[in-house]
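One letter stands for each residue in the lines below.
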Amino acid sequence: MASASYHISNLLEKMTSSDKDFRFMATNDLMTELQKDSIKLDDDSERKVVRMILKLLEDKNGEVQNLAVKCLGPLVSKVKEYQVETIVDTLCTNMLSDKEQLRDISSIGLKTVIGELPPASSGSALAASVCKKITGRLTSAIAKQEDVSVQLEALDIMADMLCRYLGGLLVNFHPSILSCLLPQLTSPRLAVRKRTIMALGHLVMSCGNLVFIDLIEHLLTELGRNDNMSTTRTYIQCTAAISRQAGHRIGEYLEKIIPLVVKFCNVDDDELREYCIQAFESFVRRCPKEVYQHVPTIISICLRYLTYDPNYNFDDEDEDDNAMDAEQNDEDYQGSDDEYSDDDDMSWKVRRAAAKCLDAVVSTRHEMLPEFYRSVSPALVCRFKEREENVKADVFHAYLSLLKQTRPAQSWLADPDAMEQGDTPLTMLQSQVPMIVKALHKQLKEKSVKTRQCCFNMLTELVNVLPGALTQHIPVLIPGIIFSLNDKSSSSNLKIDALACLHVIMVTHPAHAFHAHVPALVPPVVACVGDPFYKITSEALLVTQQLVKVIRPLDNQSEGSDSFDPSPYINDLFTCTIRRLKAADIDQEVKERAISCMGQIICNLGDRLPTELPGTLLIFLERLKNEITRLTTVKALTMIAGSPLKIDLRPVLPDAVPILASFLRKNQRALKLCTLAALDILLRNYSSAVTPVMVDAVLAELPPLISESDMHVSQMALSFLSTLAVTHPSSLGQLSGGNILQQLIALVRSPLLQGGALAAMLDFYQVKGRMGFMFLDQYRVAPSAALPHKQAYCSIAKCVAALTRACPTEGPAVVGQFIQVTYLSDVKNSRSTDSIRLLALLSLGEVGHHVDLSSQPELKTVILDAFSSSSEEVKSAASYALGSIAVGNLPEYLPFVLQEISSSKRQYLLLHSLKEIISSASVSGLKPYVESVWSLLLKHCECQEEGTRNVVAECLGKLTLIDPETLLPRLKGYHLRGTATLEDPDLNVRRVALVTFNSAAHNKPSLIRELLDSVLPQLYNETKVRKELIREVEMGPFKHTVDDGLDLRKAAFECMYTLLDSCLDRLDIFTFLNHVEDGLKDHYDIKMLTFLMLARLSSLCPSAVLQRLDRLVEPLRATCTTKVHAYSLQNSVKQEFEKQDELKRSAMRAVVALLTIPEAEKSPLMSEFQSQISSNQELAAIFDSIQRDSSSANMESMDNQLKDDIFP
């Protein structure tokens, strides 16, 4: 410490030197010292350093002054509070100085100090005391109005301070701040007014309600008075700024504000009109609920001023359709430079504001889409001809927003059951496509690069929303795209956008639509492949790949594909691609795209390239050996190997297959998956060329891949083995004693084996049935070995059934013997363990599903005996077995099951058997028994046990699907006899009604969309906590609270979550949010659901969530800061800690989702909560890990894309 003080003393001494260089270097060294965390200053050193820095602010040399200001930042955190107050006092005094340079440097210094003060959430009192000291000085400086430059600096600092310290630090000063700011709105200097508006915008985010009311009342009074047009403009701007910063607070005053703004729109003042429309935009974005009833008025005003161009007369005559010829248009638009332009014309600002306001309306009012397509869409399309480039860009952007709003609605609009709803946004857009294309066609030949880019973005979005919509308009659009590709004045970005647009259009439209334009398309695309800029080359290769599919589609479904001759274009496409394929010194992206493109060329045109093919395949072999390009090359080889043209790959297979085999041991999952897909297709299509040596090389690498650690890789490996069993059956002989069989058996025992991997396993055993019987022997050797999970028993049982189907001659005899000798005796044997019985019964069920077991006379008795087992799992397995066996011989077993249900006391288990029969049996087989089953089920539908009633309900539902014409009216009849289910006094009835409603909303939303107006109030009513349903139960010395309404509330919230996906446009989001907000304070299960809803709403309705943000943050903060009450550590069980931890993580996921909303961080409560998170080590760790997880979600989507690439 002593040495540091001595060093600083030397620096301070040098700062007094007359040489400016000495002063500069000494100040620079001091700043370096202050930035060190280890430095500690004593009181004397602090005083000297502060005095010297403040003195240097008045230095004659500007560079020394600048360094002195930079020193203030680190200095504030190193000195005591009273020294910071000294710095602030001096800086405030200097701000009032006569010297302009000192004023400027002092204002920068104050901003630096404010920026370095610790946040209020840290608990430090320094920020509060300093801000209070600064505020008094600033308000007096602002109010004096003596020097405009002082006022401007003071207003700037005030805005900074209000923005940074949004909490309660300055609450006592808010009235005085407001009283000094309001008069500045009438300042003769516009710059002062502008900064005052900024400061007021930051003030309303944290001021009290009384201050806010005073401000709004003042604005309303002044707007009503309308003394001066200049000040009226300022007040409108101020209102818009307040709305942008605190939309949730100004909403209740919109009824008074909007009529005034509408009135001022009619005043002949372009600047005032612009500010009025900007205010509308702010209201629409920030007060979506309150502005709702005014939206039609706002739209009509915007549509009126979207065309407001008093100084220009457009030729409104409709052009002849023949004028859409490319060459004629080229001549027409050569003279666009001579268009009318007037520097004094401000009407373009009004049009731009109108376009932006329409953009806001379209983006926030999803439920009005049909209305937008009726009124807004045609108006925007007509304004594509706008002469001012910036306005035109905003018009395009508004239409892009309209298209993007249409995309999420496709899920339910594409539902065939929803088509009777009449005009949907998609059908209305479809009808307007010709008008859109006609407007865009003219713009595609404009000289403006920005305009053409907007056109390409529009077309790209249009075909994403409506794939295939441009089929009839391809002849009109292609010349415009070619124009941009050939135009020498086109920028790189324009060419990239043009190529991207062309690619999307070709992907989403049939190949025959482009055949007439291939001669014109090939030359510019080939030229772009040779472009020196790698991004253009990369995009052009993507287009070339799609072009190859166009000129020779292999799907045999494309119209006119046989009549089109690709020969004239093959050489050009091949030559430009091979040049890029051979180049070594090019960008990685270009290398990969060149490999993919050449793979497509060989796949579709390989039979037309007999001389070029061998050399190209050798290049692929080289790329296969390169770590950077091997993955893309594997995909390309997979594509070529799967080509129906049967490309001759024999020359490269001896080298390629061992290389591919070696990839299976690489630690790169994507490479393993692609390699297994490639080997599988090579085996299928080139089995004669794949030698046993090659197969052995692959088999040697397979055992580690067949593992529960990665089921998708295991599935691919099993598929490969299935193919191998067909093409090279002799190679599988070595499996009997090898590692692969051991891995297969270990995988079958895994509880994770299900879905695709299990299906691949069953396929393998079906293909290679004889070898599979060795698998059964493994379990006959040690029949008493218990398996770790029930899923393992199910998997083994399915494998037994697969082997039975695989050997129709030996299978039945072997399985029959298996049942007779081992399993049946075990089942009857009282010494058999439950695990053996479980496996036996499941196997009997799976075998009996496919093989008629009626020849086993004791089978019925054995299974009915198992119903009496003490093990619930054995009972369940017996129930499943009886149902599954019955499927194999309905005439024998179904009457038996029905008779047992009528006479036996084990209805619950027998009804489960019946459910399995109804679910699995063929419709034709069940038809004769429908009436008898139906009458039996009706007898049991009023059973006392709820579990039995639930199974009966499932059976009735599944049975109705067999003969819906007859049974559905009956089912409806029984339902209508009762009361309205959502109003039923029985909680269970209401809960089941909500479950049914949820299922309809998820699977057939069109059934319930029109009912939502009547159902939603009842649904929301079920989300409330009812105290009369909460009771206390005594459990020994403890009292336990039971909430009988919890399951009902949970069902209601699950319905709400489903409605977000299927019926968002029919929901009042603010009413919805009210109930989400209540759910955030409910039980653990409800909280988990509402956290998910909140994250979903953040992406679907960001503006509405933003308006309610302050009310949503508080329950999230409460959840994150709650601790388990460890009044006695023994009472705080581990599950409570785990539940609380999971609750915190879920709440934090919701917080991360909320922070993705633009401007969410401006909320005072959210900002304070963020500071609290960062200052708490546990919460900060959770927050960081969730942010990492959300970024890795992109990687997961890439992984899914990879699967799509492998299995197109």
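Quick notes on the rules
Residues numbered from 1 in each chain as written. Predicted model: local features only at pLDDT ≥ 70, side-chain atom pairs only at ≥ 80, totals over all residues. Heavy atoms only, no water. Helix = DSSP H or I, 4+ residues; strand = E, 2+ residues; numbered from the N terminus. Contact = heavy atoms within 4.5 Å. Areas by Shrake-Rupley, 256 points an atom, 1.4 Å probe, with all protein chains shown as cover. Buried < 20%, exposed > 50% of the residue type's maximum accessible area, 1.4 Å probe, protein only. Pairing = 2+ DSSP bridges. Polar contact = N/O pair within 3.5 Å; in protein donor to acceptor, adjacent residues only side chain to side chain. Axes fitted to C-alpha atoms, helices over the stretch in contact; angles between N-to-C directions. Parallel < 35°, antiparallel > 145°, perpendicular 65-115°, else oblique. Left-handed = near helix turned anticlockwise from the far one by under 90°. Nonpolar A, V, L, I, M, F, W, Y, C, P; charged D, E, K, R; others polar. Expected span 1.5 Å × (residues − 1).

A. Focus on the overall build of the protein chain. Check the secondary structure of the protein chain and you find 59 helices and two strands. Partitioning the contacts of the protein chain with sequence separation of at least 6, the portion at a separation of at least 24 is 75%. When the accessible area of the protein chain is evaluated, it comes to approximately 54,000 Å², of which 50% is carbon and sulfur surface.

B. How the structure looks around the pairing of strand β1 (residues 1030-1035). Of all six residues making up β1, only zero are buried, and the element is barely covered by its neighbours. As paired strands, β1 and strand β2 (residues 1038-1043) are joined by six bridges and run antiparallel to one another. Paired with Val 1033 across the strands is His 1040, a residue of β2. The antiparallel pairing of β1 with β2 creates a hairpin that spans two residues between the two strands, and Gly 1036 there sits at a positive phi of about 70°.

C. Here's a closer look at the side chain of Thr 451. Relative to the elements of secondary structure, Thr 451 occurs in helix α22 (residues 449-465). Only 3.1 Å separates the side chain of Thr 451 from the side chain of Ser 448, close enough to count as a polar contact. When residues no more than four places from it in sequence are discounted, the contact partners of Thr 451 are Glu 389, Lys 392, Phe 396, Gln 443 and Glu 446.

D. The packing of helix α51 (residues 1012-1021) against helix α52 (residues 1046-1062), seen in detail. One can describe the packing of α51 onto α52 by two numbers: an axis separation of 10 Å at closest approach and a directional angle of 140°. Comparing the axis directions of α51 and α52 gives the class oblique. Judged by the twist between their axes, the crossing of α51 over α52 is left-handed. Across from Leu 1012, Leu 1016, Leu 1019 and Tyr 1020 in α51, the residues of α52 making contact are Ala 1052, Cys 1055, Met 1056 and Leu 1059. Residues that form the contact of α51 with α52 fall into these classes: eight nonpolar, no polar and no charged.

E. Quick look at helix α56 (residues 1109-1121). End to end, α56 covers 18 Å across 13 residues, agreeing with the expected 18 Å (1.5 Å per residue, within 8%). Taken residue by residue, α56 has Leu 1109, Leu 1112, Val 1113, Pro 1115, Leu 1116, Arg 1117, Thr 1119 and Cys 1120 as its buried positions.

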